[in-house]
Amino acid sequence: MKAMILAAGRGERMRPLTDTTPKPLLNVSGIPLIGHHLRHLQAAGFRDIVINHAWLGQQIEATLGTGDTYGVNIRYSAEEEGGLETAGGITTALPLLGHKPFLVINGDVLTDINFAQAIKIGKKIQQTGKLAHLWLVENPQHHPEGDFSLTQTGNVIQPQSHKPTLTFSGVGVYHPALFNNIQPHTRAKLAPLLRTAMQTGQVSGEYHAGYWLDVGTVERLHKANQLVNKICGE
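(A) Spotlight on unusual backbone geometry. Positive phi outside glycine occurs at Glu 85, with the angle close to 65°. Of note, Glu 85 is situated in helix α4 (residues 85–97). Backbone geometry places His 185, a non-glycine residue, at a positive phi of 65°. By the element assignment, His 185 lies in the loop between β11 (167–174) and α6 (191–198). Take His 185: its relative accessible area is 60%, and that puts it in the exposed class.

(B) Highlighting the sheet that holds strand β12 (residues 203–207). A sheet is described by the order of its strands in space; here seven strands give the open sequence β5-β4-β1-β6-β11-β8-β12, paired in mixed fashion. If you trace the sheet from one side to the other, it starts and ends with β5 (73–78) and β12, each paired once. Going across the sheet, the axis of each strand differs from the next one's by a mean of 25°, ignoring polarity. With five bridges joining them, strand β8 (residues 132–137) and β12 adopt parallel strand pairing. The residue of β12 that forms the bridge with Ala 132 is Val 203.

(C) Looking closely at the environment of Gly 201. Counting through the fold element by element, Gly 201 comes out in the loop between α6 and β12. Spatially, the C-alpha atom of Gly 201 lies 15 Å from that of Lys 124, the residues being 77 residues apart in sequence. Contacts of Gly 201, omitting those with residues within four sequence positions, involve Lys 130 and Asn 155.

Rules behind the numbers
Residues numbered from 1 in each chain as written. Predicted model: local features only at pLDDT ≥ 70, side-chain atom pairs only at ≥ 80, totals over all residues. Heavy atoms only, no water. Helix = DSSP H or I, 4+ residues; strand = E, 2+ residues; numbered from the N terminus. Buried < 20%, exposed > 50% of the residue type's maximum accessible area, 1.4 Å probe, protein only. Pairing = 2+ DSSP bridges. Axes fitted to C-alpha atoms, helices over the stretch in contact; angles between N-to-C directions. Contact = heavy atoms within 4.5 Å.

Next up, the structure:
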């Protein structure tokens, strides 16, 4: 199974740090933020990784290279400045990802989600005809309204008044067919595709109770360092 790390964002909320360094390369406890994903993916059995990039993307390629340092094989999907949004970026990278379900991870989150589960989930998606499987987390302070709800049968649905909401973690397994109506090299958001698939019950999901942090601001970058240092010290 292949995995994709989304690393094309500009990181506006992290400026001025991201004026000269792409957000995925910001230091978290001694290694680049994206390096934590690469370590976890390698430990989970992944070897083939695709990384998209736009802003200062050559720095990402120069730093990570072919992935030898992390024991993986990295291929890059370069986008023009400004990027293609999530769905556009994934669609453009599909030739590198193949025809089977694949794991996608936001490059700016820090989490202990068990990526090894994705391999079993990918096989289940093929068997059931689902188009996506999402990991959901408790709503953080900066996003109290949440994104979706989770049914008792494990389907992800649009928020409903009688159900609590959860926040999409930025980690999911997708079938390539989810992106059939998106043209490569065009800007497109992921959420509308997921909402459409939810209407026909084609999005499953699960609640993640472990740690998860959206490293989207300088303050949360400091929290990320504290979190990793605490875990390593235990």
